[in-house]
2 protein chains.
Amino acid sequence: MADSNKQKSGAKQILNSSSQRVTAQRTLLLELLRQSDEHLDADELYQQARKRNFRISLSTVYRNLQLFKKLGLVEEHHFAEEHHHYEVKPEAEHQHLLCLNCGKIVEFACPLSQKFREDIGKQYDFHITGVDVRMTGLCSTCCKKKI
Amino acid sequence: MADSNKQKSGAKQILNSSSQRVTAQRTLLLELLRQSDEHLDADELYQQARKRNFRISLSTVYRNLQLFKKLGLVEEHHFAEEHHHYEVKPEAEHQHLLCLNCGKIVEFACPLSQKFREDIGKQYDFHITGVDVRMTGLCSTCCKKKI
DNA sequence: GTTAATGCAAATGTTTTGCAGTATA
DNA sequence: TATACTGCAAAACATTTGCATTAAC
């Protein structure tokens, strides 16, 4: 409860400070994104949002995901070939490990990526703003199944 | 000329050995992919192919890109949000550095990614088959422009 | 001659957009 | 009250698929 209020006011504050209107839909979407510990795609978020506001539309979801992305509130990933997944921007940088069989996603810390970043930035004269490391393979369960 | 023949026979050999038919379209597409030093998307490849075979269709391009991917001849990347890019599978592993402003892509070697791979694989009990490191930012030119 | 590959057109699935109505500041 | 946001439907976009024709084996 206290937690939920904190979240709500957090969202409100962020939207206000960037002179975006605080609408019921935006608050709901941000709340759902924060609550979720998975990486949601637009439709999954839409389905969840509908449970609490059956009039919300998919375009609103898309429009707001873009807004959140622009405001730096969520990150967009391209795990699946077909569509995007979103997660609230994490405090600590982390990378992803993806099982190609069951789709499980594991997050892992990658402190070395900071050093990488500096080295590569210097070497190619780039101002680097993001590092994305993705490893793919089979998780232990799928590996044992010998698919 | 000798080079072109080598390429053609290479393609032919690969297609033959996997009991795929060697068609003019496949030979052309593989040749274009190998010649290109950029990362092409399906439509760019289609446009280039049309210059040499005006009857080729976009579905053939898509179908064959999938085939090439399955045969391990090309790699698929998701640089842009909207659609996929392809490059012939490189001899040496390399990673990508992407300018968010002009779209320039720089390839860089990343020998550390092998060590990463082992560490993370052990830690999370994954059988890792691929490592993809992507850094994003601004290239020196775009950085100077102060966009 | 068989069968796989192609070209075309139509279908699919995700994402975007135009516009009239609604809610926020 | 002014205007940004929403919902809806239609459009746009990349990609896939069904089917008759063509070409490789």
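Refer to the structure above for everything that follows.
Residues numbered from 1 in each chain as written. Chains lettered and ligands numbered in written order. Predicted model: local features only at pLDDT ≥ 70, side-chain atom pairs only at ≥ 80, totals over all residues. Heavy atoms only, no water.

A few points about the protein's contact with DNA strand D
Next up, step 1: The environment of DNA strand D is formed by 22 residues, the closest being Gln25, Arg26, Thr60 and Arg63 of chain A together with Tyr62 of chain B.
Next up, step 2: By atom count, sugar and phosphate contribute 70% of the portion of DNA strand D lying within 4 Å of the protein.
Next up, step 3: A distance of 3.4 Å separates a phosphate oxygen of DNA strand D from a polar atom in the backbone of Ile56 of chain A.
Next up, step 4: No other element matches the five residues that helix H4 (residues 58-70) of chain B contributes to the surface near DNA strand D.
Next up, step 5: Broken down by class, the residue content of the surface near DNA strand D amounts to four nonpolar, 11 polar and seven charged. (Near = heavy atom within 4 Å. Polar contact = N/O pair within 3.5 Å; in protein donor to acceptor, adjacent residues only side chain to side chain. Helix = DSSP H or I, 4+ residues; strand = E, 2+ residues; numbered from the N terminus. Nonpolar A, V, L, I, M, F, W, Y, C, P; charged D, E, K, R; others polar.)

Some details on the interface of chain A and chain B
Next up, step 1: Each partner contributes residues to the interface: chain A has 37 residues there, and chain B has 37 residues.
Next up, step 2: Together chain A and chain B conceal approximately 3,100 Å² of surface at their shared face, both sides included; 66% is due to carbon and sulfur atoms.
Next up, step 3: Summed over the shared surface of chain A and chain B, the number is zero salt bridges.
Next up, step 4: Taken together, the links from chain A to chain B amount to 10 residue pairs in polar contact (both at pLDDT 80 or more).
Next up, step 5: Of all elements in the fold, only strand S4 (95-99), strand S5 (105-108), helix H5 (112-124), strand S6 (126-139) and helix H6 (140-144) of chain A reach the threshold of two or more residues within the side of chain A that touches chain B.
Next up, step 6: Of the residues assigned to the side of chain A that touches chain B, the class counts are 19 nonpolar, nine polar and nine charged.
Next up, step 7: In the sheet, S6 of chain A pairs with strand S6 (residues 126-139) of chain B via 13 bridges, with the strands oriented antiparallel. By the bridge assignment for S6 of chain B, Cys139 of chain A is matched with Phe126 of chain B. (Contact = heavy atoms within 4.5 Å. Buried area = accessible area lost by both parts, 1.4 Å probe. Salt bridge = Lys/Arg side-chain N within 4 Å of Asp/Glu carboxyl O. Pairing = 2+ DSSP bridges.)

Thoughts on the state of the cysteines
Residues and elements named next belong to chain B.
Next up, step 1: Scanning all chains against the criterion turns up zero disulfides over all chains.
Next up, step 2: Unpaired in this structure, Cys139 has its nearest cysteine sulfur neighbour in Cys142, at a distance of 3.7 Å.
Next up, step 3: For Cys139, a relative accessible area of 1% corresponds to the buried category. (Disulfide = S-S within 2.5 Å. Buried < 20%, exposed > 50% of the residue type's maximum accessible area, 1.4 Å probe, protein only.)

A look at the relation of the copies chain A and chain B
Next up, step 1: Between chain A and chain B, which share one sequence, the superposing operator has a rotation angle of 179° and an axial displacement of 0.0 Å; the RMSD is 0.1 Å. Each copy turns onto its partner about a two-fold axis. By C-alpha distance to the rotation axis, the residue of chain A lying nearest is Val133 of chain A, at 2.2 Å. (Least-squares fit on C-alpha atoms with pLDDT ≥ 70 in both.)

Points about the pattern of salt bridges
Residue and element names in this part refer to chain A.
Next up, step 1: Scanning the entire structure with this criterion turns up six salt bridges over all chains.
Next up, step 2: One salt bridge connects Glu31 with Arg52, and the closest N-O pair in it is separated by 3.5 Å. Of this pair, Glu31 sits in helix H2 (residues 24-35) while Arg52 sits in helix H3 (residues 42-52); the two residues are 21 residues apart in sequence, bridging distant segments of the chain.
Next up, step 3: Residue classification places Glu31 among the buried residues on the basis of a relative accessible area of 10%.
Next up, step 4: As a salt-bridge pair, Lys69 and Glu76 come within 3.2 Å of each other at their nearest N and O atoms.

A word on the protein's contact with DNA strand C
Next up, step 1: The immediate surroundings of DNA strand C are formed by 22 residues, with Arg21 and Tyr62 of chain A together with Gln25, Thr60 and Arg63 of chain B found nearest.
Next up, step 2: Within 4 Å of the protein, the atoms of DNA strand C are drawn from sugar and phosphate moieties in a proportion of 68%.
Next up, step 3: A distance of 3.5 Å separates a base oxygen of DNA strand C from a polar atom in the side chain of Arg63 of chain A.
Next up, step 4: One of the side-chain N or O atoms of Thr60 of chain B is found 2.5 Å from a phosphate oxygen in DNA strand C.
Next up, step 5: When contributions to the surface near DNA strand C are tallied by element, the ones reaching two or more residues are helix H4 (58-70) of chain A together with helix H2 (24-35) and H4 of chain B.
Next up, step 6: Among the elements that take part in the surface near DNA strand C, H4 of chain A stands out by supplying five residues, more than any other.
Next up, step 7: Partitioned by chemical class, the residues of the surface near DNA strand C number four nonpolar, 11 polar and seven charged.

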